[in-house]
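Understanding the architecture of this molecule
The chain contents come next:
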Amino acid sequence: MEQSNDVKKIRESKMLSKAELARIAGILPLTIDRIERGKICRLATKRKILLALGLKITQKHRVFKQ
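Attention here is on the structure that accompanies the text. All of these numbers come straight from a predicted model, not from anything done at the bench. In this convention, every chain numbers its residues from 1, walking through the sequence in written order. In view of the model being predicted, local features appear only for residues whose pLDDT reaches at least 70, and side-chain atom pairs are presented and counted only at 80 or more, with totals across whole chains, interfaces and linings using the full set of residues. For the side-chain quantities, the full set of heavy atoms in the structure was used; hydrogens and water were omitted.

**Some points on the packing of helix 2 (residues 18–25) against helix 3 (residues 29–36)**
For any two helices packed against each other, one specifies the crossing angle of their axes together with the interaxial distance. Taken N-terminus to C-terminus, the directions of helix 2 and helix 3 make an angle of 110 degrees; their axes are 8 Å apart at the nearest point. Overall, the two elements helix 2 and helix 3 adopt an arrangement that is roughly perpendicular. As for the relative orientation of helix 2 and helix 3, their crossing is right-handed in sense. Only Pro29, Ile32, Asp33 and Glu36 of helix 3 make contact with helix 2, whose side of the interface consists of Lys18, Ala19, Leu21 and Ala22. Think of it as three bins: nonpolar holds Ala, Val, Leu, Ile, Met, Phe, Trp, Tyr, Cys and Pro, charged holds Asp, Glu, Lys and Arg, and polar takes everything else, Gly as well. Residues that form the contact of helix 2 with helix 3 fall into these classes: 5 nonpolar, no polar and 3 charged. Structural elements are reduced to axes, namely lines fitted to C-alpha atoms, with helices fitted over the stretch in contact, and the angle between N-to-C directions of any two is expressed from 0 to 180 degrees. Helix numbering and strand numbering both begin at the N terminus, where a helix is a DSSP run of H or I of at least 4 residues and a strand a DSSP run of E of at least 2. Should an angle fall under 35 degrees it is taken as roughly parallel, and over 145 as roughly antiparallel, whereas 65 to 115 is taken as roughly perpendicular and any remaining angle as oblique. Each helix crossing is assigned a hand: it is left-handed if the near helix lies turned anticlockwise from the far helix by less than a right angle, otherwise right-handed if that turn is clockwise. By the convention used here, residues are in contact when the closest approach between their heavy atoms is within 4.5 Å.

**Some words on the nonpolar core**
Within the largest apolar cluster, 17 residues are counted, with the highest numbers of intra-cluster contacts made by Val7, Leu21, Ile49, Leu53, Val63 and Phe64. The residues touching Val7, leaving out its near neighbours within four places in the chain, are Leu21, Ile35, Glu36, Ile49, Val63 and Phe64. The nonpolar core is taken to be a set of buried Ala, Val, Leu, Ile, Met, Phe, Trp, Tyr and Cys residues, with the residues joined through side-chain atoms within 4.5 Å. Only protein chains enter the area calculation, which uses a 1.4 Å probe; residues under 20% of their type maximum are buried, those over 50% are exposed, and those in between are partly exposed.

**Remarks on the pattern of salt bridges**
Pairs may arise between side chains of opposite charge once their charged atoms sit close together. The salt bridge definition used is simple: a Lys or Arg side-chain nitrogen within 4 Å of an Asp or Glu carboxyl oxygen. Under the criterion given, the structure shown has 6 salt bridges. A salt bridge links Asp6 to Lys65, with the shortest nitrogen-to-oxygen separation between them at 2.9 Å. Of this pair, Asp6 sits in the segment before helix 1 (7–13) while Lys65 sits in the segment after helix 5 (60–63); the two residues are 59 residues apart in sequence, bridging distant segments of the chain. Given a relative accessible area of 36%, Lys65 falls into the partly exposed group.

Interpretation in functional terms is not warranted from these geometric data alone.
Here you go:
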């Protein structure tokens, strides 16, 4: 199952590498790669990514389409 998201687009607009975003979020770069390719992830991981991108939890619809 895959999920549409804009993680890569927003990450690149903030000029962050996958490794930088992963470090800020406290997750593995491999996890960022999987999410950007549309793989599903846990809600806690989505929360970490949103916060690392400088977004509020209420802005999740900007990143994760469902």
